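Summary of the model geometry
Take a look at the letters that make up each chain.
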Amino acid sequence: MMKKYVFILAFASLVLTACGSSGMEEAIEAGNVAFADEDYETAMAQYQVAAAEEPAAAAPVYNLANVLYRQENYEQAQASMQSAMLNADVTLTQQGHFNLGNAFYRAENYAAAVEEYKAALRLNPDDLDAKVNLELALNQLQQDEQEQEEQEEQQQDQQQEEQE
């Protein structure tokens, strides 16, 4: 029984190898393992290999953007995510808008975050995370606007006092 199991396992392995796990898929898988282990340098290198294997593929660039986000490099994460979304399917595009919203939020660009969360919700109206984050971004945007108004009022008051 054990020999039969080993033979089936070996045969399945051979068939899977022959059917094609491309270099891109292998690099993405290696990158995903490194990403899960929080080894972002290795993950980045693997995603770059995958992107080089298939330059038109969205997944490696999307994953690279996620690494950049985790490294708190929000500006490059945004650029990579936008690049990935050019060739992405609807699901990846929706996730991309959500992630862009997160990157803009972290960079304190709340107006842009609001727009990205709205774009994510247009593609998937049932995304609860996008709804919650949209509400947070709207609240933060409103708070920033109130603070700006208060500062402007204070400046006007100071100018009036100086003129008197």
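Residues numbered from 1 in each chain as written. Predicted model: local features only at pLDDT ≥ 70, side-chain atom pairs only at ≥ 80, totals over all residues. Heavy atoms only, no water.

Quick look at the packing of helix α4 (residues 59-70) against helix α6 (residues 90-106)
Worth spelling out the cut-off: With axes taken as lines fitted to C-alpha atoms, and helix axes fitted only over the stretch in contact, angles between N-to-C directions fall between 0 and 180 degrees. To qualify as a helix, a DSSP run of H or I must reach at least 4 residues; to qualify as a strand, a run of E must reach at least 2; elements of each kind are numbered from the N terminus. Any angle from 65 to 115 degrees is called roughly perpendicular, while one under 35 is roughly parallel, one over 145 is roughly antiparallel, and all others are oblique. Left-handed is the label given to a crossing in which the near helix is rotated counterclockwise from the far helix by less than a right angle, and right-handed is the label when the rotation is clockwise. Residues are treated as being in contact if the distance between any of their heavy atoms lies within 4.5 Å. In this classification, the charged set is Asp, Glu, Lys and Arg, the nonpolar set is Ala, Val, Leu, Ile, Met, Phe, Trp, Tyr, Cys and Pro, and all remaining amino acids, among them Gly, are polar.
Packing of α4 against α6 leaves a shortest axis separation of 11 Å and a crossing angle of 20 degrees. The pairing of α4 with α6 is recorded here as roughly parallel in orientation. Crossing handedness for the pair α4 and α6: left-handed. Between α4, through A59, Y62, N66 and Y69, and α6, the contact on the second element is made entirely by L92, Q95, G96, N99, N102, A103 and R106. Grouping the constituent residues of the contact of α4 with α6 by class yields five nonpolar, five polar and one charged.

Some points on helix α7 (residues 110-123)
What counts is decided by this rule: To estimate the expected span of a helix, count its residues, drop one, and scale the result by 1.5 Å. Think of it in three bands: with a 1.4 Å probe and only protein chains considered, a residue is buried below 20% of the maximum accessible area for its type, exposed above 50%, and partly exposed in between.
The terminal C-alpha atoms of α7, which comprises 14 residues, lie 20 Å apart, in line with the 20 Å expected from a rise of 1.5 Å per residue. Along α7, the residues that are buried comprise Y110, A112, A113, V114, E116, Y117, A119, A120 and L121. Buried residues in α7 make contact with α6 and α8 (128-163).

A word on the packing of aromatic side chains
Worth spelling out the cut-off: For Phe, Tyr and Trp, rings pair up if their centres lie within 6.5 Å, where Trp contributes its six-membered ring, and each pair is then called stacked (planes under 30 degrees apart), edge-to-face (over 60) or tilted (otherwise).
Per the counting criterion, the structure on display carries four aromatic pairs. Here F35 and Y40 contribute two aromatic rings whose centre-to-centre distance is 5.5 Å and whose plane-to-plane angle is 65 degrees, an arrangement assigned as edge-to-face. Y40 gets classed as buried once you look at its relative accessible area, which sits at 15%.

Keep in mind these values describe shape, not function.
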